[in-house]
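A closer look at the structure
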Amino acid sequence: MTTHTADLVIEVKNVTRTFGATTALDSVSFQVERNTICGLLGSNGAGKTTIMAIITGQDRANSGEVRVDGHDPFESAHVADSTSFVRDNQRYPDDYKLHHVLRAAAMFHPNWSDQLADKLVATFRLPAKTQVKKFSRGQLSALAIVLGLASRAPITVFDEPYLGLDIAARDRFYEILLQEHLNHPRTFLISTHLIEEMENIFSHVVVLDQGKAVVNSEVEDLDGLVYEVAGKAVLVEEFVRSRTVLKTRTVGTLASAIVSGPLAEHDRASAQAVGLTLSSVALHDFVSAIGNSYNLTEDAS
Amino acid sequence: MRLFDESKPIFQQVAETICNDIISGVTPEGDQVPSTNEIAVFYRINPATAGKGLNLLVDRGILYKKRGIGMFVAEGARKQLLMEREDAFTHTQIKTFVSEAKSLGLDLETVRRLIEKEYNS
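Bear in mind that the values here come from a model prediction, so they are computed numbers and not experimental data.

**Considering the side chain of Thr187 of chain A**
Residues and elements named next belong to chain A. Mapped onto the elements, Thr187 comes out in strand S7 (residues 187-191). We classify Thr187 as buried; its relative accessible area is 1%. Only 2.8 Å separates the side chain of Thr187 from the backbone nitrogen of Asn35, close enough to count as a polar contact. Contacts of Thr187, omitting those with residues within four sequence positions, involve Val9, Val32, Glu33, Arg34, Asn35, Thr36, Pro154, Ile155 and Thr156.

Right under this line is the structure:
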């Protein structure tokens, strides 16, 4: 790995956020480098939306430290100007039509591009005459994408921006996102459950699980972090003893386990010698294994 | 439709795609290859991944950079790629093929006959 001084645009240090008895974020730490596309992954309730709201100054942590472009985001004019965050459940005034929303957004974002907004509205075929509150789920998502991209904010945060969009519309979004990122370099933080579909556009991923950041890594460094071993159940059991198992699956006499931690060459050789199959684990299986391992311990307790 | 599979890192698959085009003659020597940005947007992958795939080929001497213009197929690139493939064929693939034939209990004469039949078909 190359060592270089990273230009960090988002720094989250030991952030905790509780809502009554619920701990949404439990001492979460991670960093995002400037002008990268960072994926925020994790199962429902993992704390993704909460950390996004804190980063954009819409919410405040109980403890810990957040720095966005060097500033505490809460009540910071600088952070408000340089971030764009359209919430998944964003409400608009009852009588608002598309042009009202666009005009309001343009006022709050110094880098706003009318040209890009027009292009995106046409791409996603957003209706001009319909009241925004009557938009379908897909149209609301498309509107959030228009607002997020056309703001050209130095830090753009998307919370599951694809809800209700069909695959063709999602592909258009990924394409325009990459184009925008290349032509007007800026930082994107995007939460998603569509890991398989989106992992290739990320350079960095943060995985949250039950309010904790369990992964904070360059995508390319993820390879070799986890692997899957499969074969006869007794042999798999023997092999994973004294290793960190994220998830196991047993069907009759066959078993597979997703294991975290490095795999030495002699481990690989000895596993293969007894007929076990070792394979790499895709990011989406990895994330689902993390979510799953928690549920197993929960059931056992 | 996803353009890449999960068997290998994406940057390697980017490099292979470009190599295949060089071997087949789609991108002749001296021609410009798609830029990092074009590859990123076209395949919907992170620009860093696209760049890594291209730089892999620059390091191997298959492509060369013209500053401010782009990347081009080096002279002799096709020959180099063909030699590498031939090398892989004569060393790795033949070995796998023969060992599989042996494990099936096929004798040399049978294997020879099968190859001849396939070669002439």
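**Here's the deal with the pairing of strand S12 (residues 254-260) of chain A**
On any regular strand, side chains alternate: one points to one face of the sheet, the next to the other face. Residues and elements named next belong to chain A. Most of S12 is tucked away, with five of its seven residues classed as buried. One ladder, built from seven bridges, connects strand S10 (residues 226-232) with S12; its direction is antiparallel. Across the sheet, Val229 pairs through a bridge with Ala257, a residue of S12. As judged from the seven bridges shared by strand S11 (residues 244-251) and S12, these two strands associate in the antiparallel manner. Across the sheet, residue Thr244 finds its bridge partner in S12, namely Ser260. In this antiparallel pair of consecutive strands, S11 and S12, the connection spans two residues, and Gly252 shows a positive phi of 60°.

**Considerations on the environment of Asp88 of chain A**
Residues and elements named next belong to chain A. Counting through the fold element by element, Asp88 comes out in the loop between strand S5 (83-86) and helix H3 (98-108). Taking the relative accessible area as the measure of exposure, Asp88 reaches 35% and is therefore partly exposed. Along the backbone, Asp88 and Arg268 are 180 residues apart, and their C-alpha atoms lie at a distance of 45 Å. Once residues lying within four places of it in the same chain are set aside, the contact partners of Asp88 are Arg137, Asp159 and Leu163.

**Describing the sheet that holds strand S6 (residues 155-159) of chain A**
All names here are of chain A. The six strands are arranged S5-S6-S7-S3-S8-S9 in an open sheet whose pairing can be described as mixed. A single partner strand is all that each edge strand has here, and the edge strands are S5 and strand S9 (212-218). Strand-to-strand twist of the sheet, defined as the mean angle between neighbouring strand axes without regard to direction, takes the value 15°. Here strand S3 (residues 37-41) runs beside strand S8 (residues 204-209); their pairing, made up of four bridges, is parallel. Residue pairing across strands places Leu41 opposite Val207, the latter belonging to S8. Helix H6 (residues 167-183) contacts S3, S6 and S7 of the sheet and is inclined by roughly 155° relative to S7.

Rules of the game
- Residues numbered from 1 in each chain as written.
- Chains lettered and ligands numbered in written order.
- Predicted model: local features only at pLDDT ≥ 70, side-chain atom pairs only at ≥ 80, totals over all residues.
- Heavy atoms only, no water.
- Helix = DSSP H or I, 4+ residues; strand = E, 2+ residues; numbered from the N terminus.
- Buried < 20%, exposed > 50% of the residue type's maximum accessible area, 1.4 Å probe, protein only.
- Polar contact = N/O pair within 3.5 Å; in protein donor to acceptor, adjacent residues only side chain to side chain.
- Contact = heavy atoms within 4.5 Å.
- Pairing = 2+ DSSP bridges.
- Axes fitted to C-alpha atoms, helices over the stretch in contact; angles between N-to-C directions.

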